[in-house]
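# A look at the structure
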Amino acid sequence: MTEAVATMSPAGGSGAAPAAKPAGGASSSGAERLDAAAIAARFAELGSTPAGLAAGEVTARQEKFGPNAIAAREESRWEKLLGYFWGPIPWMIEAAALLSLVRLDWADFSVVMGLLLYNALVGFWQDSKAASALAALKKGLALKARVLRDGAWITVDTVALVPGDVVSLAGGETVPADLLLVDGKYLSVDQAALTGESLPVSKAVGDSAFSGSIVRQGSMTGLVTATGNSTFFGRTAKLVASAGAKSHAEKAVLQMGDFLIILSAALALVLVVAQVHRDILADGHWEWQHAGSIIQLVLVLLVASVPVATPAVMSVTMALGALALSKHQAIVSRLSAIEELAGVDVLCSDKTGTLTLNKLTLQPPLPFGDAAPDDLILAAALASQRQSDDAIDKAVLAAVGDTARLDAYKPVDFTPFDPVSKRTIAALTGPDGKTVHYAKGAPQAIAALCGMAEGEAAKGYFDTVERLARSGTRALGVARSQDGQTWTLLGLLPMLDPPRPDAAATIARAKELGVSVKMVTGDDVAIGAEISRQLGLGDKLLVAGDVFGKDSSPEHIAIDAARAVEVADGFGRVFPEHKFQIVKALQERGHIVAMTGDGVNDAPALKQADCGVAVSGATDAARSAAALILTAPGLSTIIHAIMEARAIFERITSYIYYRIAMTLNIMLVVVLVYLVYDFMPLTAIMIVFQALLDDIPIMTIAYDNVKVQDRPVRWNMHRIISFSTIMGIVALLQSFGIVMLGMFWMKSPELTAILPMDLPHVQTMLFLQLAAGGHLLFFVSRVEGTLFKPPYPSLPVLAAVLGTQVFAIFMCAFGWFMPALPWLLIGVVWAYCLVWTLIMDVVKLLYFRVVNRRERTASLIDQPIGTAMPG
């Protein structure tokens, strides 16, 4: 719940104060306002009544009008599949296949086409899998609407609405279809996204409300006049298919891919120049007939160097991460939220419902003046809406006991809670036929309503509020008026909302993970400080209004205010606009911030936060603005989400380490061996198979075991590039060493007498070394510590690597697509790779020891935000 709302909200909504109502017969949106006769005619035209539609009629209309959704054109499955054959990487593979076909090299053609089909089918399958998973998750987020059918109010998905339905609207909700407002006092509606109006507009009976606009305040009943593409939004919106903004992780991987492609092209150019130069020296001239084989080799070499598994690895890792988060009742509205969560170091949390149970229990009333305790409870109940789901309303209504006392009063008017006035006011006709007014709300708001600015009565009242607050008990002020102008204070209703049983342990765990939790509450500082103290957050809570001042600009936070926000344990008396300023201040101090919220006025803060979190029961507007949507109450859900996000971040980072290092190894060893020994160390088919053997097991990295870092993680491109380059160079020495060993074997009569050796066998040895050493390199680079300590690779990763290595050994032993290699040499290559694995593990440990010591020294001087690496 929005904390400012949670203090006294009976409706659970929030929003700005209503705009002034228009005079005359025109609505504030400029459309003609219908009178009672026109409204009745509209009901008749739509074949409906104020009592709503019958279930049978709804079914018939759903078949006639279709779902209440914008019908956007989506790519067919065939179009999506064909898309995987179009683009820079597919073009290079297709060019290589075409050249193989022209040269009638059927073996190369078959293998290259196999690679093309593999990439397309795997990419299509993983994309479909991710899309299906996200669609299933988002299905649970379908917007709901309260609709009157068969004379009873029920809750349905908005997609099920039909013209003629009668629906209810309340603050914080999204208008589910085009409506004609037929009952209620007023609505304040934000329709800026539809009409461009910068301010919310007031609506009254007879006005229209457009689908997609947001109810800021008030509650009314409306008749559905249009749904789906027939709505104002459906007729005017220009639907543009978009894949959405790329996250920092996707951008980083794509930049690395571009870097590797450019590097590959440069090295390929070196090969071409060297080959042409040698042809000229050997034959005295160069002929174009040599061009086909050179270009084909270069193209296949480029294909091998491109991280073709990157899109599939990213999509499956993120999709599986989203599924894992959903098991903890946290649904990501966009996949980039996973990366943002991994870096969060400050979490600003609502108190009510997140840190506390949001199960208020009424304590003994504290009447003032001549009021009796029962009169106080009855007055508070009459100032509530009986159908409300709000925790405060439920507690008050439950305390009444005999509802017959409430039935004696007939509602005339009701002003719902909003975070500005912080009170509700109800006008009712009493048993004597006279109109009486009741109000309940924040103690300060009720005191202001009663004109209690100073004096003994005011002092006693506020002293009581302060005393209750110090014990962690909130107070609800209650007042009565005969004319709606002069109010009489009836007293205070103490209400207790205890901390959640798991909150203290969860906060302690958050601190262990390097996440600072700050309480943000609309309650008084004293109440918040007591709960904060009980939970171990500290009791240094500040009044939000005092920190920022009345005239502060959200876009320009004073340095002193930002520093005060950074060191505070939390904030009390928070209005929705303060949340935005709190987020902004923390971001200016270099923090990655997560902010919780539930109300429509929380949307700006949720958007501004690096990771906005809509808590359980949030309004449609808050859920639309949030990156993470919780379906269960409590802070533990967010902590689980942060841990899962960090695990996903580790998997992606370990893949990037491996991919850069392995690509550098393959490209550099091919060029170096060619320049030194004047022969191509790998055939075209070998390079293609090498790409396949590299990519297939890496697909399982989404299931790998990782160590969740005990501090927030961020992209450290300097460390990524430097570590990957060092490991790539060490791997290059390993690969070049196996070639040197083969060349030495060829020239040694003693060794050739044991086993004959020629250049084709050297090629097979290098192929096997790259296949085995590459995956051993992955095991080395996936953890910061030694590979002999946990976390060990997961079973899917081990199974995929083992299967790949068995296949590679059989290829070399039985001579599939390459000269057969004796089992003795296969054993020599594997022993050689295992020895080098130990060397690479030592090099890695030395690297991280030096880098970590340097970063710790720098952090003591500059105190920057920590950057975590894979563990």
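As the structure is a prediction and not an experimental result, all values here were calculated from the model. (Residues numbered from 1 in each chain as written. Predicted model: local features only at pLDDT ≥ 70, side-chain atom pairs only at ≥ 80, totals over all residues. Heavy atoms only, no water.)

## Some thoughts on the overall build of the chain
For the chain, the count of helices and strands is 31 helices and 22 strands. Only carbon and sulfur atoms are counted for the fraction: they give 62% of the accessible area of the chain, which is about 36,600 Å². (Helix = DSSP H or I, 4+ residues; strand = E, 2+ residues; numbered from the N terminus. Areas by Shrake-Rupley, 256 points an atom, 1.4 Å probe, with all protein chains shown as cover.)

## Thoughts on the nonpolar core
Counting residues in each nonpolar core, the largest one holds 126 residues, and the members touching the most others are Leu341, Cys611, Leu628, Ile656, Leu682, Val739 and Phe767. Tallying contributions element by element places helix α25 (residues 636-677) first for this core, with 23 residues. Of all hydrophobic cores here, the second largest spans 30 residues; its members include Val520, Ala544, Ala562 and Val583. (Core = buried A, V, L, I, M, F, W, Y, C linked by side-chain atoms within 4.5 Å. Buried < 20%, exposed > 50% of the residue type's maximum accessible area, 1.4 Å probe, protein only.)

## A few points about the pattern of salt bridges
Summed over the entire model, instances satisfying the criterion amount to 19 salt bridges. The residue glutamate 57 makes a salt bridge to arginine 61 at a minimum N-O spacing of 2.6 Å. Of this pair, glutamate 57 and arginine 61 both sit in helix α3 (residues 55-65), four residues apart, roughly one helical turn. (Salt bridge = Lys/Arg side-chain N within 4 Å of Asp/Glu carboxyl O.)

## Examining the side chain of glutamate 530
Within the secondary structure layout, glutamate 530 lies in helix α19 (residues 525-535). Among residues more than four places away in sequence, those in contact with glutamate 530 are Ala469, Arg470, Ser471 and Gly472. (Contact = heavy atoms within 4.5 Å.)

## A few points about a nonpolar patch on the surface
Nonpolar side chains collect at one region of the surface, where Leu802, Val806, Phe807, Phe810, Phe814, Trp816, Phe817 and Trp823 lie side by side and expose about 830 Å² of accessible area between them. At five residues, the largest contribution of residues to the nonpolar patch is made by helix α30 (residues 795-814). Structurally, phenylalanine 807 is set in helix α30. Among the residues examined, phenylalanine 807 registers a relative accessible area of 36% and is labelled partly exposed. (Patch = residues over 30% accessible without salt bridge, like charges linked within 9 Å, V, L, I, M, F, W, Y side chains within 5 Å.)

## Brief notes about the packing of aromatic side chains
Under the counting rule described, the total for this entry stands at 17 aromatic pairs. Relative to tyrosine 438, the ring of tyrosine 409 lies with its centre 6.4 Å away and its plane at 80°, an arrangement referred to as edge-to-face. Of this pair, tyrosine 409 sits in the loop between α15 (404-407) and β12 (410-415) while tyrosine 438 sits in strand β14 (residues 435-441); the two residues are 29 residues apart in sequence, bridging distant segments of the chain. For the pair tyrosine 409 and tyrosine 438, a shared accessibility class is recorded, and that class is buried. Ring geometry for phenylalanine 649 and tryptophan 715: centres 4.9 Å apart, planes at 50°, overall tilted. Placement of the pair is phenylalanine 649 in helix α25 and tryptophan 715 in the loop between α26 (684-698) and α27 (717-747), with a sequence separation of 66 residues. An identical accessibility class is assigned to phenylalanine 649 and tryptophan 715; each is buried. Taken together, the ring pairs in this structure connect Phe807, Phe810, Phe814, Trp816 and Trp823 into an aromatic cluster. (Phe/Tyr/Trp six-rings, centres within 6.5 Å; stacked < 30°, edge-to-face > 60°.)

## Some remarks on the pairing of strand β16 (residues 487-496)
Of all ten residues in β16, eight are buried, a share of seventy percent or more. With two bridges connecting them, strand β10 (residues 361-362) and β16 associate as antiparallel partners. Directly across from leucine 362, in β16, lies its bridge partner methionine 495. Sheet analysis places strand β11 (residues 366-367) next to β16, joined by two bridges and oriented antiparallel. Each residue of the ladder has a partner; that of leucine 366, found in β16, is leucine 492. Bridge count between strand β15 (residues 473-481) and β16: nine bridges; the pairing is antiparallel. Counted as the bridge partner of leucine 476 is leucine 493 from β16. Linking β15 to β16, which pair antiparallel, is a turn of five residues; within it glycine 484 sits at a positive phi near 80°. (Pairing = 2+ DSSP bridges.)

## A look at the environment of serine 384
Note that serine 384 resides in the loop between α13 (373-382) and α14 (391-400). By relative accessible area, which is 8% here, serine 384 ends up buried. Separated by 33 residues in the primary sequence, serine 384 and phenylalanine 417 place their C-alpha atoms 9.7 Å from one another.

## Here we look at the pairing of strand β9 (residues 346-350)
Remark: a regular strand shows side chains that alternate across the two faces of the sheet. Within β9, five of the five residues are buried, which leaves the element mostly enclosed by the surrounding structure. What you see with β9 is no split at all: Val346, Cys348 and Asp350 on one side and Leu347 and Ser349 on the other are buried throughout.

## Remarks on the packing of α26 against α30
Any two packed helices are characterised by how steeply their axes cross, that is the angle between the axes, and by the distance between the axes. Between α26 and α30, whose axes approach to 8 Å, the crossing angle comes to 160°. In terms of orientation, α26 and α30 fall into the roughly antiparallel class. You can see that α26 and α30 cross each other, and the crossing is right-handed. Residues Phe689, Leu693 and Pro697 of α26 lie in contact with α30, whose contacting residues are Ala800, Val801, Thr804, Phe807, Ala808 and Met811. A per-class count over the contact of α26 with α30 returns eight nonpolar, one polar and no charged. (Axes fitted to C-alpha atoms, helices over the stretch in contact; angles between N-to-C directions. Parallel < 35°, antiparallel > 145°, perpendicular 65-115°, else oblique. Left-handed = near helix turned anticlockwise from the far one by under 90°. Nonpolar A, V, L, I, M, F, W, Y, C, P; charged D, E, K, R; others polar.)

## Brief notes about the environment of glycine 737
Within the secondary structure, glycine 737 sits in helix α27. The exposure class assigned to glycine 737 is buried, which follows from its relative accessible area of 18%. Residues glycine 737 and valine 669, spaced 68 residues apart in sequence, show a C-alpha to C-alpha distance of 9.9 Å.

## Digging into the side chain of threonine 158
Relative to the assigned elements, threonine 158 resides in the loop between β2 (152-157) and β3 (166-170). Beyond its immediate sequence surroundings of up to four residues, threonine 158 is in contact with Asn68, Leu143, Lys144, Ala145 and Pro176.

## Points about α14
Of all ten residues in α14, seven are buried, a share of seventy percent or more. Residues of α14 that are buried: Ala391, Ile392, Asp393, Ala395, Val396, Leu397 and Val400. Of the residues flanking the end of α14, it is glycine 401, one or two places downstream, whose phi is positive at about 80°.

## Observations regarding the sheet that holds strand β22 (residues 628-630)
Here we have eight strands laid out as an open sheet, ordered β8-β22-β21-β20-β9-β17-β19-β18, and mixed in their pairing. Of all strands in the sheet, those with a lone pairing partner are β8 (330-332) and β18 (541-543), marking the two edges. Sheet twist, expressed as the mean angle between neighbouring strand axes with direction ignored, is 20°. Bridge count between β9 and strand β17 (residues 516-520): five bridges; the pairing is parallel.

Any functional reading would require information that these geometric values do not contain.
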